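Residue-level structural notes
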Amino acid sequence: MFAMLPAELVLPVQLCAGIAALCWLLSVLTREYSWVDRTWSIMPGVYAYTFAARAGFADARLNLVTALIVLWCVRLTLNYARKGGFAPGGEDYRWAVLRSRMPPWLFQVFNVFFIAGYQHLLVFLITVPVWQMYLHPTALAGSDVALAGLFLLLLAGETLADQQQWNYHQWKKARVAAGESVGNGFLETGLWAYSRHPNFFCEQALWWVVYGFSVSAGAGWLNPTLVGPVLLTLLFHGSTNFTEEITAGKYPAYAGYQQRV
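**Brief notes about the environment of Arg-196**
Mapping Arg-196 onto the fold places it in the loop between helix 8 (142-177) and helix 9 (198-219). Those residues within four positions of Arg-196 in sequence are excluded, and the remaining contacts are Glu-244, Tyr-254, Tyr-257, Gln-258 and Val-261. A distance of 2.6 Å separates the side chain of Arg-196 from the side chain of Glu-244, its partner in a polar contact. Within the local environment of Arg-196, its side chain forms a polar contact with the backbone oxygen of Gln-258, the two atoms lying 3.2 Å apart.

**A short note on the packing of helix 1 (residues 7-30) against helix 3 (residues 43-54)**
Two elements in contact, helix 1 and helix 3, have axes whose closest approach is 9 Å; the angle formed by their N-to-C orientations is 160°. Between helix 1 and helix 3, the angle is such that the two are roughly antiparallel. Crossing angle aside, the handedness with which helix 1 passes helix 3 is right-handed. Residues Ala-7, Glu-8, Leu-9, Leu-11, Pro-12, Leu-15, Cys-16 and Ile-19 of helix 1 form the contact with helix 3, whose participating residues are Met-43, Val-46, Tyr-47, Thr-50, Phe-51 and Arg-54. By residue class, the composition of the contact of helix 1 with helix 3 is 11 nonpolar, 1 polar and 2 charged.

**Let's talk about the side chain of Ser-34**
Tracing the backbone shows Ser-34 in the loop between helix 1 and helix 2 (35-40). Of note is the side chain of Ser-34, whose polar atom sits 3.0 Å from the side chain of Asp-37. Among all residues touching Ser-34, those that are not within four sequence positions of it are Tyr-80, Gly-90, Glu-91, Asp-92 and Trp-95.

**Section: the environment of Val-210**
Mapped onto the fold, Val-210 is located in helix 9. Residues Val-210 and Val-13, 197 residues apart in the sequence, show an inter-C-alpha distance of 19 Å. When near neighbours in sequence (up to four residues on either side) are disregarded, Val-210 contacts Ile-126, Pro-129, Met-133 and Phe-151.

About the criteria used
Residues numbered from 1 in each chain as written. Predicted model: local features only at pLDDT ≥ 70, side-chain atom pairs only at ≥ 80, totals over all residues. Heavy atoms only, no water. Helix = DSSP H or I, 4+ residues; strand = E, 2+ residues; numbered from the N terminus. Contact = heavy atoms within 4.5 Å. Polar contact = N/O pair within 3.5 Å; in protein donor to acceptor, adjacent residues only side chain to side chain. Axes fitted to C-alpha atoms, helices over the stretch in contact; angles between N-to-C directions. Parallel < 35°, antiparallel > 145°, perpendicular 65-115°, else oblique. Left-handed = near helix turned anticlockwise from the far one by under 90°. Nonpolar A, V, L, I, M, F, W, Y, C, P; charged D, E, K, R; others polar.

So this is what it looks like as structure tokens:
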């Protein structure tokens, strides 16, 4: 199968298949299903690096985009780590909810094909516009500078949204421990007064910007790597609806927040 791929795709595809299989195996052994989440913030940087390295780090656009993706990796990894995502038992709460709604055998099928398989494929696909940059080694343009600025702005927005959420949950935890009221029980100030999921918005937009770099390189407005940001947007749409369903079930005031924001 790998022999049919262009040479520059062989290593990243092998890495994708290998890490997907490893995460599936670990999920079966540990009965935790967030192993994909633990690699989500790392693998895009690895994939981008393989293309930049294959180009001998001689392509300015590849180097720039790889550096931006690595910066994204560091920020998201640190944010995930402080929430306990890498610790034993740091499973996404939504998987437990989903397990309660599915027969065990069906959840394991879901684990193979969606959690371990599809999600790792998607992590590869959102990064694969870098491949088009590798195939179109053109000089940096003003559009690249603008895209880099937009990427950094969105990264800052995502960082601020996550920090506001972190501060709120630390405050909420302290109030609950003291037996005090926490109001409605969810964050609705700062960026969260304007968007119910400002971090999700910035996250999706970041990968549309990465696709924009492939367009700037000369791959065309509609090149095959468009599939990555499109599928990511669809995933966030479904995941966010599921998250909001759970949240609305926990907090009666959330329905009003949904109407306002």
